[in-house]
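# Descriptive analysis of the structure
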Amino acid sequence: MKKTILSLAAALLVATNAQAAQPAYLMTREQMLDIYRQSFDRMNTTMEITLTTLDELPAWEEEYTRRTGLARKEDLMLSSLPMEGDMPFEDALQLARTILQEKFGVTGEALDAMGMYPRLMDYVYTDQESEWEFYFTPLRDTDVLLDHDLPDGGEFSVTLGAQTGTVIDALWYSDRLPDQDLVSLARAAALADSGLDEQAFDAFFAPGYVHHFNYGDGTCLTLLYARTADEPDGDNTVYQVVQDVQTGRILRMERTNGVG
């Protein structure tokens, strides 16, 4: 199933306030870029990174007003640098790795072998806590922002409160979890709910055309997409099936038009 992880924006915006009272950043933009370069070099990957300073924000908002008629984008988020009060990058990364190891049993060696792509999201106009996001993937030889098939072993993401270290999200993206035929059980439940016979069901919902997310709390989500989900005018019907990881028991199931 083709997918884009964590909805990574094509442009990475790094804020470095150029106003009179400049914030005290914990790292430079070059240090942030170097973190990406290390993964790019090891994995032969790439992604577009555009650095934008906050002194350019008025021009950004002027263009936004021209396009929308609104004075500014109140929910604006920028991918930024950690500031005083935020967890330093090294501490946030270690916490993210620990969470993945404890929740999903992934080893430190396995994470070391993956590319690691971080960002710090700053809610520019609100008091909402900034967020550290980490994306770990074994993808090689590609642009990591492009839609792609899930690699063997899956991919991982962690989102943390940048000041508190609160776990906002920790996900394992995988077509199939080890030793659990969860996808097949989810498909069987969706088949029964659909009222279709197996041939008609498979003609509409592609076998194996799924996303699978392990939440790390004993439950997981399986998404079964219509065959036409990637087509511009295709049917976007999705079965969303929440299961118990250990038993495969269906805890909740919903048929929706898209993922919501």
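The preceding data block contains the structure.
In this report, the structure presented in the accompanying data block is examined.

Criteria and thresholds
Residues numbered from 1 in each chain as written. Predicted model: local features only at pLDDT ≥ 70, side-chain atom pairs only at ≥ 80, totals over all residues. Heavy atoms only, no water. Helix = DSSP H or I, 4+ residues; strand = E, 2+ residues; numbered from the N terminus. Contact = heavy atoms within 4.5 Å. Phe/Tyr/Trp six-rings, centres within 6.5 Å; stacked < 30°, edge-to-face > 60°. Buried < 20%, exposed > 50% of the residue type's maximum accessible area, 1.4 Å probe, protein only. Core = buried A, V, L, I, M, F, W, Y, C linked by side-chain atoms within 4.5 Å. Lys, Arg positive; Asp, Glu negative; His and termini not counted. Salt bridge = Lys/Arg side-chain N within 4 Å of Asp/Glu carboxyl O. Expected span 1.5 Å × (residues − 1). Arc of directions from axis to C-beta. Pairing = 2+ DSSP bridges.

## Brief notes about the overall build of the chain
For the chain, the helix and strand inventory stands at 6 helices and 9 strands. For the chain, the proportion of contacts with a sequence separation of at least 24, taken over those separated by at least 6, is 59%.

## Side note on the packing of aromatic side chains
This structure, assessed with the given rule, holds 8 aromatic pairs. Their ring planes at 45° and their centres at 6.4 Å tell us that Tyr 36 and Tyr 117 sit as a pair that is tilted. Of the two residues, Tyr 36 sits in helix H1 (residues 29–43) while Tyr 117 sits in strand E2 (residues 115–123), which places them 81 residues apart along the sequence. Side by side, Tyr 36 and Tyr 117 carry an identical accessibility label, which is buried. Judged by centre distance (5.7 Å) and plane angle (20°), the ring pair of Phe 156 and Trp 172 falls under stacked. One end of the pair, Phe 156, is in strand E4 (residues 155–161); the other, Trp 172, is in strand E5 (residues 167–173), and 16 residues separate them in sequence. By relative accessible area, Phe 156 is classed as buried at 3%. Residue class for Trp 172 comes out buried when judged on its relative accessible area of 11%.

## Describing unusual backbone geometry
Phi is positive for Asn 44, close to 55°, though the residue is something other than glycine. Counting through the fold element by element, Asn 44 comes out in the loop between H1 and helix H2 (57–68).

## Here's the deal with the nonpolar core
If you look at the biggest cluster of nonpolar residues, it comprises 35 residues, and the most contacted ones within it are Phe 89, Leu 100, Tyr 117, Trp 132, Phe 134, Phe 136 and Phe 156. At the level of elements, H1, helix H3 (89–104), E2, strand E3 (131–137), E4 and E5 are the ones that each hand at least two residues to this core. Tallying contributions element by element places H3 first for this core, with 7 residues. Those residues in contact with Phe 136 that sit more than four places away from it in its chain are Leu 93, Arg 97, Leu 100, Leu 111, Met 114, Gly 115, Met 116, Glu 155 and Phe 156.

## Points about the side chain of Glu 131
Checked against the element boundaries, Glu 131 lands in strand E3. Buried and without a salt bridge, Glu 131 has Arg 119 as its closest oppositely charged side chain, separated by 7.7 Å. Setting aside chain neighbours within four positions, we find Glu 131 in contact with Arg 119, Leu 120, Met 121, Tyr 123, Thr 159, Leu 160, Ala 162 and Ile 168.

## With respect to H2
In this model, H2 (12 residues) spans 16 Å end to end at C-alpha, consistent with the 16 Å of a helix rising 1.5 Å per residue. Leu 57, Glu 61 and Tyr 64 are the residues of H2 that are buried. Along the axis of H2, the buried positions cluster into a sector of 55°, meaning they face one direction only. Exposed residues pointing more than 90 degrees away from the buried face of H2 are listed as Pro 58, Glu 62, Arg 66 and Arg 67. At the C-terminal side of H2, Gly 69 shows a positive phi close to 80°.

## Looking at the pattern of salt bridges
Summed over the entire model, instances satisfying the criterion amount to 7 salt bridges. Residue Arg 37 is joined to Glu 30 by a salt bridge in which the shortest nitrogen-to-oxygen separation is 3.3 Å. Overall, Arg 37 belongs to the partly exposed group, its relative accessible area being 35%. A salt bridge links Glu 133 to Arg 119, with the nearest nitrogen and oxygen atoms 2.5 Å apart. With a gap of 14 residues between them, Glu 133 in strand E3 and Arg 119 in strand E2 connect regions that are remote in the sequence.

## Section: the pairing of E4
Judged by how many residues are buried, E4 sits mostly within the fold: 7 of 7 residues are covered. Side-chain alternation along E4 places Glu 155, Ser 157, Thr 159 and Gly 161 on one buried face and Phe 156, Val 158 and Leu 160 on a second face that is also buried. The pairing of E3 with E4 spans 6 bridges and is antiparallel. Residue Tyr 135 lies in a different strand from E4, and its bridge partner there is Ser 157. Strand direction decides the pairing type here: E4 and E5, joined by 6 bridges, are antiparallel. Residue Ser 157 lies in a different strand from E5, and its bridge partner there is Leu 171.

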